[in-house]
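Listed here are the chains, written in short residue letters.
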Amino acid sequence: MSVQVKPTYEPLNELTVLDVVKPLAFFEASEQNQFQVREIGDGNLNLVFHIESALSKKAVIVKQALPYAKVVGESWPLTLDRARIESDALLKEAESVPHLVPKVLFSDSALAVTVMEDLSDHIILRKGLIEGQIYPNLADDIGTFAAKTAFYSSDFYLHPFEKKEQVRKFSNPELCKITEDLVFTDPFFNNDTNDFPAELQPDVERIWNDKELLKEVAQLRLSFLTKAEVLLHGDLHSGSIFVKSDSTKVIDPEFAFYGPAGFDIAHFIANLALNHLSQNAHAKEPFHRETLQTYLLQTIEKTWETYRDTFTALWNEKATDPFAKIDGVLENFLKKTFQEAIGFAGCEIIRRTIGLAHVADLDSIPQKEVELFYKKTALALGAKLIKNQRKITNITELTDWIRGA
Ligand code: SR1
Ligand code: MG
């Protein structure tokens, strides 16, 4: 009788990662001794290996969670359960938007490992945007991703028992705490995790002393803490999206949890707004800059419109909620989601400028003076969005504000 021994957790290396890959049916037996392995993780939290067969050139990605946050080191312990959350979220998302997420080939929660489809022919959206690339399908794809994953996970569609089971399954307290601290708390107080140059001190203090702003942030933070409306990706910035000209793949849902419906769209919009601002410095010539900035604003508008229209179509066709046919119920939900998204976007813009984990869009601006100028502009835009979230009634008002920042 053979006894199956459960694997115990060990961080993988370029040799041991093959023990995970070899038993998979993905590669032929003849390929087993021909692998080329590279560790390619450049994110804040995990190991990522690219494993390619030298014979067929077929490849897979092996992602393993470390028991701490790589960006800080072993002094910041972090649950391995995020690997389970990530593979479960990818599988759940694949039920409604299979073309927009990487395929999961294998996962093991004890090893904190997910093996998935290789996407080396894509690049990270943030990199593409900084380089001035345009992705025509991006708005449709992200609007569809956010609307479908939201609707199909919500009380508008699921039986209440199933919804509560999903909320339990995607309970993600440690990763949520990172967002509660880094997005909704630390940047608004004089906290050690903040990271900004001395020249920004007056602008930062203006934020810390703005009681009206802090009151709104407290409300947004409470929404994030308490509203289990829909299954969110939880970290939908432009580093969590892989793109090529005709394809979009949303990756890295380790922050997935049930939260307020506007949160994912907000993070996407905030990161496009930061790129829009940074193009004033990155784009080499005025015509190209104008083209890029117009594209970015149109993408923000179209993402929201796609989200709204896709959610509305699903609601009209499939909602099981007893109030779904009552006039104004959907409109109220969408209005509240939209306005809250504007506030969340403001928090993300501020956090990516002065908190922990900045964005390359702003940090890679070559001249220091120019970088400071656009960081100050980002702080002012973030504060404006937070304070005026309920005054903006349609998406073009928002893009007008971003254009005029
Ligand atoms: C310690 S983790 C820092 C950031 O990286 C992730 O992508 C999230 O955005 C998180 O806030
Ligand atoms: Mg990530």
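I will try to describe carefully the structure that is included in this document.

A few words now on the sheet that holds strand S8 (residues 123-124). With respect to topology, three strands assemble into an open sheet ordered S8-S10-S11, the strand pairing being antiparallel. The outermost strands of the open sheet, each flanked by one partner alone, are S8 and strand S11 (247-250). Both S8 and strand S10 (residues 241-244) contribute to a ladder of two bridges, which runs antiparallel. Pairing of Ile123 across the sheet is with Val243, part of S10.

What follows covers the site of ligand 1. What surrounds ligand 1 is the set Asn44, Leu45, Val71, Trp76, Ile178, Leu182, Asp235, His237, Phe255, Arg351, Arg352 and Ala357. Here an oxygen atom of ligand 1 sits 3.4 Å away from a polar atom, N or O, in the side chain of His237. If ligand 1 stood free it would expose 320 Å²; the protein chains cover 94% of that surface. Mapping ligand 1 onto the cavity grids shows that it belongs to the largest pocket. Of all the secondary structure elements, the ones that give two or more residues to the shell around ligand 1 are helix H6 (173-182) and helix H11 (329-354).

What follows concerns the sheet that holds strand S3 (residues 59-65). Adjacent strands of a sheet pair through backbone hydrogen bonds, lying either parallel or antiparallel. Here five strands make up an open sheet; going across it, the order is S1-S2-S3-S7-S6 and the pairing antiparallel. Lying at the two open borders of the sheet, with one neighbouring strand each, are strand S1 (35-39) and strand S6 (104-108). If you compare each strand with its neighbour and ignore which way they point, the axes differ by 20° on average. Summarising the sheet, S6 and strand S7 (residues 113-117) pair through four bridges and their orientation is antiparallel. Across the sheet, the residue bridging to Ser107 is Thr114, located in S7. Most of the contacts of helix H2 (residues 81-96) go to S7, to which it runs at about 30°, and overall it touches strand S2 (46-53), S3, S6 and S7.

Within the largest apolar cluster, 87 residues are counted, with the highest numbers of intra-cluster contacts made by Leu138, Phe188, Tyr307, Phe311 and Leu398. Ranked by the residues each element gives to this core, the list is headed by H11, at twelve residues. Setting aside residues no more than four positions away along its own chain, Phe311 makes contact with Ala147, Ala150, Phe151, Phe156, Leu330, Phe333 and Leu334.

What follows covers the layout of surface pockets. Empty space within the largest pocket amounts to approximately 1200 Å³. Around the largest pocket, the lining comprises 49 residues; the ones closest to its centre are Asp42, Gly43, Ile124, Gly239 and Asp252. Those elements that provide at least two residues to the lining of the largest pocket are S2, S3, S7, S8, helix H3 (125-130), H6 and H11. Split into classes, the residues belonging to the lining of the largest pocket amount to 22 nonpolar, 14 polar and 13 charged.

Along the chain, Leu236 falls in the loop between strand S9 (230-232) and S10. The sequence separation of Leu236 and Val250 amounts to 14 residues, and the corresponding C-alpha distance is 8.0 Å.

Moving on: the pattern of salt bridges. When their charged atoms lie close together, side chains carrying opposite charge are able to pair. Counted by the stated rule, this structure contains 28 salt bridges. Here Lys63 and Asp252 are joined by a salt bridge, their closest N and O atoms 2.3 Å apart. Taken together, the residues Lys63 in strand S3 and Asp252 in the loop between S11 and strand S12 (257-259) connect sequence positions 189 residues apart. Given the relative accessible area of 23%, Asp252 is considered partly exposed. Residue Arg84 is joined to Asp88 by a salt bridge in which the shortest nitrogen-to-oxygen separation is 3.3 Å. Of this pair, Arg84 and Asp88 both sit in helix H2, four residues apart, roughly one helical turn. The partly exposed category is assigned to Arg84, whose relative accessible area is 23%. Residue Asp88 is classed as buried on the basis of its relative accessible area, which comes to 18%. Each of Asp235, Glu348, Arg351 and Arg352 takes part in a single network of salt bridges with overlapping partners.

This part is about H2. Here H2 contains 16 residues, and its C-alpha end-to-end distance of 24 Å stays within 8% of the 22 Å for a straight helix at 1.5 Å per residue. Taken together, the buried positions of H2 are occupied by Arg82, Ala83, Ile85, Glu86, Ser87, Asp88, Ala89, Leu90, Glu93 and Ser96.

Turning next to the pairing of S7. Of all the five residues making up S7, four are buried; the element is thus mostly covered by neighbouring parts of the structure. In this sheet, S7 lies alongside S3 in antiparallel orientation, the contact comprising five bridges. Within the sheet, the bridge partner assigned to Gln64 lies in S7 and is Val113.

Two numbers describe how helix H10 (residues 286-318) lies on helix H14 (residues 395-403): the axes approach to 10 Å, and their chain directions differ by 155°. The angle between H10 and H14 places the two elements in the roughly antiparallel class. Considering the relative orientation of H10 and H14, their crossing is right-handed. Packed against H10, whose contacting residues are Leu297, Ile300, Glu301, Trp304 and Glu305, the element H14 presents Ile395, Thr396, Leu398, Thr399, Ile402 and Arg403 at the interface.

Calculation rules
Residues numbered from 1 in each chain as written. Chains lettered and ligands numbered in written order. Predicted model: local features only at pLDDT ≥ 70, side-chain atom pairs only at ≥ 80, totals over all residues. Heavy atoms only, no water. Pairing = 2+ DSSP bridges. Helix = DSSP H or I, 4+ residues; strand = E, 2+ residues; numbered from the N terminus. Near = heavy atom within 4 Å. Polar contact = N/O pair within 3.5 Å; in protein donor to acceptor, adjacent residues only side chain to side chain. Areas by Shrake-Rupley, 256 points an atom, 1.4 Å probe, with all protein chains shown as cover. 1 Å grid on protein atoms, 1.4 Å probe; cavity = no way out; pocket = protein on both sides within 12 Å on 5 of 7 lines; lining within 4 Å. Sits in = over half its atoms within 2 Å of the grid points. Axes fitted to C-alpha atoms, helices over the stretch in contact; angles between N-to-C directions. Contact = heavy atoms within 4.5 Å. Core = buried A, V, L, I, M, F, W, Y, C linked by side-chain atoms within 4.5 Å. Buried < 20%, exposed > 50% of the residue type's maximum accessible area, 1.4 Å probe, protein only. Points joined across faces, edges and corners; volume = space filled by probe spheres on them. Nonpolar A, V, L, I, M, F, W, Y, C, P; charged D, E, K, R; others polar. Salt bridge = Lys/Arg side-chain N within 4 Å of Asp/Glu carboxyl O. Expected span 1.5 Å × (residues − 1). Parallel < 35°, antiparallel > 145°, perpendicular 65-115°, else oblique. Left-handed = near helix turned anticlockwise from the far one by under 90°.

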